[in-house]
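The primary structure of each chain is shown beneath.
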Amino acid sequence: MEKKRRPLLAANWKMYKTLSEMEKYLSSFLGLVAGIDDRDIMLAPNYTCLNRMVELLNGSNVKAAAQNMFYQDEGAFTGEVSPGMLLDIGIDIVIIGHSERRHIFHEDDELINKKISSAISHGMTPVFCIGETLDEREAGETSHVLENQIRLGLKGLKNIDIHKIVIAYEPVWAIGTGKTASLEQIQEAHRLVRDRVRELAGEDIAENLRILYGGSVKPANVKDIMSLDDVDGALVGGASLEPESFARIVRFEDN
Ligand code: 13P
């Protein structure tokens, strides 16, 4: 399937896998995806796995990413990790504003905006997550919620900065629930995201922007989801935890 933009298949392992489980995963996964060079493949493990993962991925077609970071360079921020600390071990992609950060850890749009700006000023690629809750969707507020998250999350950024961002649309009600959004819902939301970015940053940036879908992506639905015009990749939780399953997703294999 020919895509306009280079696809990005990203695994978000959340709070799963120890160091030895990560190593075991890679010993199988790297072989399963070896030679794939027409798409980007990314794994985001927990912090304790990152350093070793970077070493193990060296020379492969897979990149490691962080699931979160703080926006300050250093200081008295117990429990936090800075952009410089990630860069120091070779990480330059970071997920920002995941719905679990927003809902469980109460991150708001203002904090997320600071993290995105900080990532960009450090030359990193933020994977900026947005998405509506079930209540918001049922109340007909989806467009309003997504527009607000985009406007506030990207506030103060220049066009050149927006150029470096990847956006992940993850409807909260589809995360970890087994309920995937319908293809119509996904395409509609992704179109809206691209239209808003076009208004903010112009045609070129909107056309080049990669928008990932996340929420119960699995081998059985990835091919259909990836066939949508405005879907440029996937951010995968549960189905990325087994190497065979994520390798099939990377290949858009539905059987
Ligand atoms: P699931 O694929 O488990 O629904 O998780 C999606 C997600 O939150 C990825 O960031």
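Look up: the structure comes first, before these words.
Residues numbered from 1 in each chain as written. Predicted model: local features only at pLDDT ≥ 70, side-chain atom pairs only at ≥ 80, totals over all residues. Heavy atoms only, no water.

**With respect to the overall build of the protein chain**
Item 1. Helix and strand content of the protein chain: twelve helices and eight strands.
Item 2. Against the globule reference of 18 Å for 255 residues, the protein chain gives a C-alpha radius of gyration of 17 Å, in line with a compact fold.
Item 3. Principal axes of the C-alpha set define a box for the protein chain whose edges measure 50 × 45 × 35 Å.
Item 4. Scored against the burial criterion, the 255 residues of the protein chain give a buried share of 51%.
Item 5. For the protein chain, restricting intrachain contacts to residue pairs at least 6 apart in sequence, the fraction spanning at least 24 positions comes to 72%.
Item 6. Total accessible area on the protein chain is roughly 11700 Å²; 49% of this is exposed by carbon and sulfur atoms.
Item 7. In the protein chain, 29 positive and 40 negative side-chain charges are present, and the distance between their average locations comes to 2 Å. (Helix = DSSP H or I, 4+ residues; strand = E, 2+ residues; numbered from the N terminus. Rg over C-alpha atoms; globule rule 2.2 N^0.38 Å. Buried < 20%, exposed > 50% of the residue type's maximum accessible area, 1.4 Å probe, protein only. Contact = heavy atoms within 4.5 Å. Areas by Shrake-Rupley, 256 points an atom, 1.4 Å probe, with all protein chains shown as cover. Lys, Arg positive; Asp, Glu negative; His and termini not counted. Charge placed at Lys NZ, Arg CZ, Asp CG, Glu CD.)

**A short note on the environment of Ile41**
Item 1. By the secondary structure assignment, Ile41 is in strand S2 (residues 40–44).
Item 2. Classification of Ile41 by relative accessible area gives buried; the value is 3%.
Item 3. Considering only alpha carbons, one finds Ile41 and Leu9, 32 residues apart in sequence, at a separation of 5.0 Å.

**Topic: the site of the ligand**
Item 1. In the vicinity of the ligand lie 13 residues, with Lys14, His98, Gly176, Ser216 and Gly238 positioned nearest.
Item 2. Contact between the ligand and Lys14: an oxygen atom at 2.8 Å from a side-chain N or O atom of the residue.
Item 3. Here Ser216 contributes a backbone N or O atom positioned 2.8 Å from an oxygen atom of the ligand.
Item 4. Here the ligand loses 95% of its free accessible area of 310 Å² to cover by the protein chains.
Item 5. For the shell around the ligand, the per-class residue count stands at four nonpolar, seven polar and two charged. (Near = heavy atom within 4 Å. Polar contact = N/O pair within 3.5 Å; in protein donor to acceptor, adjacent residues only side chain to side chain. Nonpolar A, V, L, I, M, F, W, Y, C, P; charged D, E, K, R; others polar.)

**What about the nonpolar core?**
Item 1. One finds Phe29, Leu43, Leu86 and Phe246 to be the most contacted residues of the largest nonpolar core, which totals 68 residues.
Item 2. Per-element accounting of this core gives the leading share, six residues, to helix H9 (residues 183–201).
Item 3. Ignoring anything within four residues of it in the chain, the contact list for Leu86 reads Tyr47, Leu50, Ala66, Asn68, Met69, Val81, Ile91, Val94 and Met124.
Item 4. Of all hydrophobic cores here, the second largest spans 13 residues; its members include Leu8, Ala65, Cys129 and Val166. (Core = buried A, V, L, I, M, F, W, Y, C linked by side-chain atoms within 4.5 Å.)

**Comments concerning the environment of Ile225**
Item 1. The residue Ile225 is located in helix H11 (residues 219–226) in this model.
Item 2. Owing to a relative accessible area of 3%, Ile225 belongs among the buried residues under this scheme.
Item 3. With 42 residues separating them along the chain, Ile225 and Leu183 place their C-alpha atoms 6.5 Å apart.
Item 4. Filtering out sequence-adjacent residues up to four positions away, Ile225 remains in contact with Thr180, Leu183, Ile186, Tyr213, Val217 and Val231.

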